[in-house]
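Remarks on the overall topology
Here is how the chains run, residue by residue.
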Amino acid sequence: MPAAEKKNIAIVCNPIAGAGKAIIIAGRIAAMLTAKNISYSLFEASWPGNFDGFTDVFIVGGDGTLNYFINHYPLLQLPLVIFNGGTGNDFHWLLYGAKTFDEQMQAALYEDAKPVDIGRCNERYFINGVGIGFEGAVAKALSGTKKLSGKTSFLLTIIRKIFSYRSKKYIIRAAGQELSGKKLLVDITNGKRAGGGFYISPQAKANDSLFDIVIADALTVLARLRYLPVIEKGKHLRLSFITYFQSSRVTVECDSPMQYHLDGEYFESQKLTVELLRGKLYFRF
């Protein structure tokens, strides 16, 4: 990889992410690059058609911004960095944990780029995970709303949905098995957490060539309330109503449109074909 002073970095920022947080972080990045005499271009409302001439791309936003990026620049081979300019920032946490801004900039400029798996669900790409059923209903309720930082908005919406959501019947095929019946949720994950800090797949890794699949059977309202804190902390994989396994390909069918999200972005479909694409993107972390 070229030395930092030889770089030409594209900074792409979602100006509405994090209620303006992304704009502030993009400004800090630009200031640091200027101080280090590193070439860059900052793109906010209008992003380029391609990244010809750039050596790296810094993405400033949350999981939704990253999902938008990988679907508009599919399988881009330049080194990428994601900065936590959104509300949930779950995939950022997976790569950078609790690193400070300065520590992440050090990694962004000097660490080697490492391969990261992504997924394809029907015709769209995702990087953190697919949430079907209950999580899809939560994503729908949050669509178009102004989100609070962290998991506050997600938690408030989850609590409301606990009382009203009705589980659907699914047919799930993966890893040589078929599962069917009413399920509260079906999660096909590349990252460990979703919703700003719910550790739905605590053992997941984004570079092991496998999805972690977590399925919860239909639960009563009281059971949902009881186990929400357990799932939030990632202590649920051995519970009797949880099915957990790994696979690189999953199909999910339902006799009515499924509510689901890709990295928090809401969609509906009656059949999903989900495939892992091994090491297709490269991140510095």
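Structure shown above.
Summarised in this report is the structure supplied together with it. (Residues numbered from 1 in each chain as written. Predicted model: local features only at pLDDT ≥ 70, side-chain atom pairs only at ≥ 80, totals over all residues. Heavy atoms only, no water.)

1. Describing empty space enclosed by the protein
This model, assessed by the stated rule, comprises one cavity of 30 Å³ or more. When its volume is computed, the largest cavity comes out at roughly 40 Å³. For the largest cavity, the lining is made up of 13 residues, of which Asn128, Gly129, Asp187, Thr189 and Ala194 are closest to its centre. Counting only elements with at least two residues in the lining of the largest cavity, the list comes to β7 (129-133) and β9 (177-189). Partitioned by chemical class, the residues of the lining of the largest cavity number four nonpolar, six polar and three charged. (1 Å grid on protein atoms, 1.4 Å probe; cavity = no way out; pocket = protein on both sides within 12 Å on 5 of 7 lines; lining within 4 Å. Points joined across faces, edges and corners; volume = space filled by probe spheres on them. Helix = DSSP H or I, 4+ residues; strand = E, 2+ residues; numbered from the N terminus. Nonpolar A, V, L, I, M, F, W, Y, C, P; charged D, E, K, R; others polar.)

2. Overview of the environment of Leu276
One can find Leu276 in strand β13 (residues 265-284). For Leu276, a relative accessible area of 12% gives the class buried. If sequence neighbours within four positions are ignored, Leu276 has contacts with Asp117, Ile118, Ser209, Leu210, Phe211 and Ser248. (Buried < 20%, exposed > 50% of the residue type's maximum accessible area, 1.4 Å probe, protein only. Contact = heavy atoms within 4.5 Å.)

3. A closer look at the packing of helix α1 (residues 21-35) against helix α4 (residues 101-110)
Each packed pair of helices is defined by two parameters, the angle between the axes and the distance between the axes. Where α1 meets α4, the closest approach of the two axes is 12 Å, and the angle between their N-to-C directions is 60°. By the angle between their directions, the pair α1 and α4 is classed as oblique. In the crossing of α1 with α4, the sense of the turn from one axis to the other is right-handed. Residues Ile25, Arg28, Ile29, Met32 and Leu33 of α1 pack against Phe101, Asp102, Met105 and Leu109 of α4. Broken down by class, the residue content of the contact of α1 with α4 amounts to seven nonpolar, no polar and two charged. (Axes fitted to C-alpha atoms, helices over the stretch in contact; angles between N-to-C directions. Parallel < 35°, antiparallel > 145°, perpendicular 65-115°, else oblique. Left-handed = near helix turned anticlockwise from the far one by under 90°.)

Spatial relationships are all this shows, so hold off on functional conclusions.
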